[in-house]
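Geometric and topological summary
Spelled out, the chains give:
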Protein chains: 2
Amino acid sequence: MPAAPAKSSSRKGLRPSPWAARRRPRHEHALKREAVIRAAAQAFRQRGYHNTSLDDLAASLRVTKPTLYLYVPNKEAILFECFRAGLAQIQASLDASERASGAARERLFGFIRGYAQAIVGDFGWCMLRAEDQHLGAVMSRRIKLLKAGIDKRMRALIEAGVADGSIRRCDTRMTAFALAGALNWMGHWYREDASLKPQEIAERFIDFFNHGLRGQA
Amino acid sequence: MPAAPAKSSSRKGLRPSPWAARRRPRHEHALKREAVIRAAAQAFRQRGYHNTSLDDLAASLRVTKPTLYLYVPNKEAILFECFRAGLAQIQASLDASERASGAARERLFGFIRGYAQAIVGDFGWCMLRAEDQHLGAVMSRRIKLLKAGIDKRMRALIEAGVADGSIRRCDTRMTAFALAGALNWMGHWYREDASLKPQEIAERFIDFFNHGLRGQA
């Protein structure tokens with residue numbers, strides 16, 4: 001099922017092909033590799049991981065399949081890079097929250113805003129919908145380790161909140177799982193064309209996470 | 001990859017094969033079909049959907065593949081039935097919560113307890129981990145409709161709570177998504193051999209859902 005390049009490249013968010021532009025040679029390989037990963041994430045999201053072949057991907061980038069192999073060895077390695085890119089976005093948001101000043105609860109909410117943004121992107125889609133069941137054992141273990149690192153740092157942020165009094169005493173592990181679950185699930189229901197933007201969803205989630213359900217009655 | 005029947009049948013939760021017992025003929029077909037669905041859910045969870053063949057399933061039930069075809073037409077139809085069984089457990093919990101008396105928040109929490117129990121079962125695993133991407137368009141649409149029905153009833157329970165004052169004013173749609181996400185995500189991290197039982201996890205989640213994160217500081 002070859003792609004229709006014109007249609008693919010017209011989709012919002014797809015950058016111009018780096019093969020078309022003149023760039024400094026030392027950056028070129030990295031830039032083109034990044035473009036391959038980005039285009040793959042978009043293709044996986046549009047057609048599903050199983051339904052996207054390297055031929056489709058080459059067509060959408062307007063290159064030949066042998067050219068693609070200069071940058072990536074196979075489809076599994078591309079998916080791994082998509083996972084890593086998605087997790088890197090979440091890690092960047094954690095970095096920022098850990099560096100920030102202020103009560104840990106507010107820093108946690110800052111992280112949640114970044115998390116929500118990462119989840120609704122193409123890399124987020126790959127992480128949530130393609131899932132590591134498509135990765136081999138070695139790559140799957142590496143992704144599990146990266147995820148465990150994020151979970152640990154998220155829990156530390158909640159613990160810091162309990163310590164500074166901004167978060168009430170709770171089971172920090174279960175709370176981190178509940179928060180991550182609510183956010184990750186966005187990958188299953190979020191649609192770009194729906195009425196709420198990711199940041200609006202994040203604010204409504206934060207309102208609920210902050211105050212809970214309990215009413216006056 | 002044929003199954004090792006002895007090992008499979010020794011696993012906690014697998015009932016004795018209905019093929020081995022004498023039963024009233026009019027119940028037999030339904031009972032055996034149910035046993036096929038149940039054994040399939042267990043096999044999918046143990047080995048993954050893609051890695052489980054109808055041969056494996058027949059072996060684990062100690063029947064021939066042609067016997068299996070008396071009850072189910074193909075693997076996709078079995079997965080559909082696993083989804084339906086998992087959703088039926090969640091619907092049963094909703095039924096009970098809708099019939100119950102008391103504040104809607106407490107009835108919602110009752111539903112959450114049942115939901116958590118359903119998610120960690122074999123049918124819950126199928127719903128969450130096998131996902132409807134393995135179903136064809138027609139079956140996938142039917143599952144989406146069933147899920148939408150659950151989402152709507154869950155939202156109505158939250159709205160009832162806002163109306164009776166037991167739940168604070170909130171975006172009921174987003175709150176339902178956050179709750180469902182937190183619970184569904186259990187399917188990704190819950191392990192039977194871990195320290196917390198599903199009901200203990202549900203209580204910790206409910207504590208968080210009820211009171212939120214906000215501390216005194």
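Bear in mind the structure is a predicted one, so any value in this text is a computation, not a measurement.

Helix and strand counts for chain A come out as 11 helices and 0 strands. Going residue by residue from the N terminus, the α and β elements of chain A occur as α-α-α-α-α-α-α-α-α-α-α. When the 217 residues of chain A are sorted by exposure, 50% land in the buried category. Across chain A, the fraction of contacts at a sequence separation of at least 24, relative to all contacts at a separation of at least 6, is 70%. Element-wise, carbon and sulfur atoms account for 53% of the exposed surface of chain A, whose accessible area totals about 10,300 Å².

Placing chain A over chain B gives an RMSD of 0.0 Å and needs a rotation angle of 180 degrees, together with 0.0 Å of translation along the axis. One copy is carried onto the other by what is essentially a two-fold rotation axis. Across chain A, the smallest distance between a C-alpha and the rotation axis is recorded for Gly212(A), namely 1.9 Å.

All right, on to the pattern of salt bridges then. Residue and element names in this part refer to chain A. Counted according to the given criterion, the structure contains 29 salt bridges over all chains. The salt bridge involving Arg38 is made with Glu34; its shortest N-O contact spans 2.6 Å. Residue Arg38 and its partner Glu34 are located together in helix α2 (residues 25-47), separated by 4 residues, close to a single helical turn. A single network of salt bridges, built from pairs that share partners, joins Arg33, Glu81 and Arg84.

What follows covers the interface of chain A and chain B. Contacts between the two partners involve 41 residues from chain A and, on the opposite side, 41 residues from chain B. When the two sides are added together, the surface that chain A and chain B hide from each other amounts to roughly 4,000 Å², 60% of it contributed by carbon and sulfur. Here chain A is connected to chain B by 4 salt bridges. When the shortest N-O distance is used, the salt bridge between Asp171(A) and Arg204(B) registers 2.7 Å.

Going through the model one piece at a time under the given rule, you end up with 14 aromatic pairs over all chains. Seen from their ring centres, Phe44(A) and Tyr49(A) are 4.9 Å apart, and the 70 degrees between their planes marks the pair as edge-to-face. Each of the two residues, Phe44(A) as well as Tyr49(A), counts as buried. Their ring planes at 40 degrees and their centres at 5.9 Å tell us that Phe208(B) and Phe209(B) sit as a pair that is tilted. Residue Phe209(B) is classed as buried on the basis of its relative accessible area of 1%. An aromatic cluster of three or more residues is present, and its members are Phe177(A), Trp189(A), Phe205(A), Phe208(A), Phe209(A), Phe177(B), Trp189(B), Phe205(B), Phe208(B) and Phe209(B).

Before going further, it helps to spend a moment on the nonpolar core. Buried together is how nonpolar side chains tend to be arranged in soluble globular proteins. Ranked by size, the top nonpolar core spans 132 residues in total, and within it Phe205(A), Phe209(A), Phe205(B) and Phe209(B) carry the most contacts. Residues in contact with Phe205(B), not counting those within four places in the same chain, are Met174(A), Phe177(A), Ala178(A), Ala182(B), Leu183(B), Met186(B) and Trp189(B).

Let's shift gears to the side chain of Ser60(B). Tracing the sequence through the fold places Ser60(B) in helix α3 (residues 54-60). Among the polar contacts listed, one links the side chain of Ser60(B) to the backbone oxygen of Leu57(B), at a separation of 2.9 Å.

Residues and elements named next belong to chain B. The interhelical angle for the contact between helix α5 (residues 75-99) and helix α7 (residues 122-130), taken along N-to-C directions, is 115 degrees, at an axis separation of 8 Å. The two elements α5 and α7 cross, and the hand of that crossing is left-handed. Counting all contacts with α5, which are made through Leu79, Cys82, Phe83, Ala85, Gly86, Leu87, Gln89 and Ile90, the residues of α7 involved are Phe123, Cys126, Met127 and Ala130. By residue class, the composition of the contact of α5 with α7 is 10 nonpolar, 2 polar and no charged.

Now for helix α11 (residues 198-211) of chain B. In an α-helix, one turn spans 3.6 residues; hence positions three or four apart end up facing the same way. All names here are of chain B. The end-to-end C-alpha distance of α11, which contains 14 residues, comes to 20 Å, matching closely the 20 Å that a straight helix rising 1.5 Å per residue would cover. Among the residues of α11, Pro198, Ile201, Ala202, Phe205, Ile206, Phe208, Phe209 and Asn210 are the ones counted as buried. Following α11 by one or two positions, Gly212 adopts a phi angle in the positive range, close to 75 degrees.

Turning our eyes to something else, we now look at the confidence of the model for chain A. In the predicted model, chain A carries a mean pLDDT of 89, and 88% of its residues have values of at least 70. Throughout residues 1-12 of chain A the model reports pLDDT below 50, and contacts reaching past four residues in sequence, or to other chains, amount to 22 contacts.

Residue and element names in this part refer to chain A. Contact geometry for helix α6 (residues 104-119) and helix α8 (residues 137-164): axes closest at 8 Å, N-to-C directions at 155 degrees. Taken as axis vectors, α6 and α8 run roughly antiparallel relative to one another. Here α6 runs over α8; the crossing is left-handed. For the pair formed by α6 and α8, the contact residues are Ala104, Arg107, Leu108, Phe111 and Tyr115 on the first element and Met154, Leu157, Ile158, Ala160, Gly161 and Asp164 on the second. Here the contact of α6 with α8 is composed, by residue class, of 8 nonpolar, 1 polar and 2 charged.

Here we take up unusual backbone geometry. Look at Arg62(A): it is not a glycine, yet its phi comes out positive at around 55 degrees. Tracing the sequence through the fold places Arg62(A) in the loop between α3 (54-61) and α4 (65-68).

What follows covers the environment of Lys75(A). Residue and element names in this part refer to chain A. Looking at the secondary structure, you find Lys75 in helix α5 (residues 75-99). Sequence spacing of Lys75 and Ala40 is 35 residues, and the spatial spacing of their C-alpha atoms is 8.9 Å. When neighbours within four sequence positions are excluded, Lys75 is seen to be in contact with Phe44, Tyr49, His50, Thr52 and Leu54. Looking at Lys75, its side chain comes within polar contact range of the main-chain oxygen of Tyr49, at 2.7 Å.

Turning our attention to α7(B). Across the 9 residues that make up α7(B), a large majority, 9, are buried. Taken together, the buried positions of α7(B) are Asp122(B), Phe123(B), Gly124(B), Trp125(B), Cys126(B), Met127(B), Leu128(B), Arg129(B) and Ala130(B).

All names here are of chain B. With respect to the secondary-structure elements, Ile143 resides in helix α8 (residues 137-164). Taking the C-alpha atoms as reference, Ile143 lies 27 Å from Ala104; in sequence the two are 39 residues apart. Leaving out residues up to four positions away in the same chain, Ile143 has contacts with Phe80, Phe83, Arg84, Leu87 and Leu135.

Procedures and definitions
Along each chain, residue indices are assigned from 1 in the same order as the chain's sequence is written. Whichever chain is written first becomes A and whichever ligand is written first becomes 1, with later ones labelled in order. A pLDDT threshold of at least 70 governs which residues receive local features in this predicted model, and a stricter bar of 80 or more applies before side-chain atom pairs are shown or counted, although totals over entire chains, interfaces and linings include all residues. Heavy atoms from the whole structure form the basis of all side-chain values; hydrogens and water molecules are not counted. Helix numbering and strand numbering both begin at the N terminus, where a helix is a DSSP run of H or I of at least 4 residues and a strand a DSSP run of E of at least 2. Burial here depends on accessible area, computed with a 1.4 Å probe over protein chains only, as a share of the maximum for the residue type. Under 20% is buried, over 50% is exposed, and the range in between is partly exposed. Note on definitions: a residue-residue contact is assigned when non-hydrogen atoms from the two residues lie within 4.5 Å. Computed with the Shrake-Rupley method and a 1.4 Å probe, the accessible areas treat only the protein chains shown as cover for residues. All copies are superposed by least squares; the fitting set is the C-alpha atoms of residues with a pLDDT of at least 70 in both. Any Lys or Arg side-chain nitrogen located within 4 Å of an Asp or Glu carboxyl oxygen qualifies as a salt bridge. Take the accessible area each of two parts loses on contact, using a 1.4 Å probe, and add the two losses: that sum is the buried area. Two rings belonging to Phe, Tyr or Trp (six-membered ring only in the last case) form a pair when the distance between their centres is within 6.5 Å. Interplanar angles under 30 degrees mark stacking, angles over 60 mark edge-to-face geometry, and anything in between is tilted. Residues grouped as a nonpolar core are buried Ala, Val, Leu, Ile, Met, Phe, Trp, Tyr and Cys residues, joined through side-chain atoms within 4.5 Å. Here a polar contact means two N or O atoms within 3.5 Å. Within protein one must be a hydrogen donor candidate and the other an acceptor candidate, and residues neighboring in sequence count only if both atoms are side-chain atoms. Note on geometry: axes are C-alpha line fits, over the in-contact stretch for helices, and angles between N-to-C directions span 0 to 180 degrees. For any pair of crossing helices, the crossing counts as left-handed if the nearer helix is rotated counterclockwise from the farther one by less than a right angle, and right-handed if it is rotated clockwise. Each residue is assigned to one class: nonpolar for Ala, Val, Leu, Ile, Met, Phe, Trp, Tyr, Cys and Pro, charged for Asp, Glu, Lys and Arg, and polar for all the others, Gly among them. By definition here, a helix of n residues has an expected span of 1.5 Å times n minus one. pLDDT gives the predictor's per-residue confidence on a scale running from 0 to 100. For this classification, under 35 degrees means roughly parallel, over 145 means roughly antiparallel, 65 to 115 means roughly perpendicular, and everything else is oblique.

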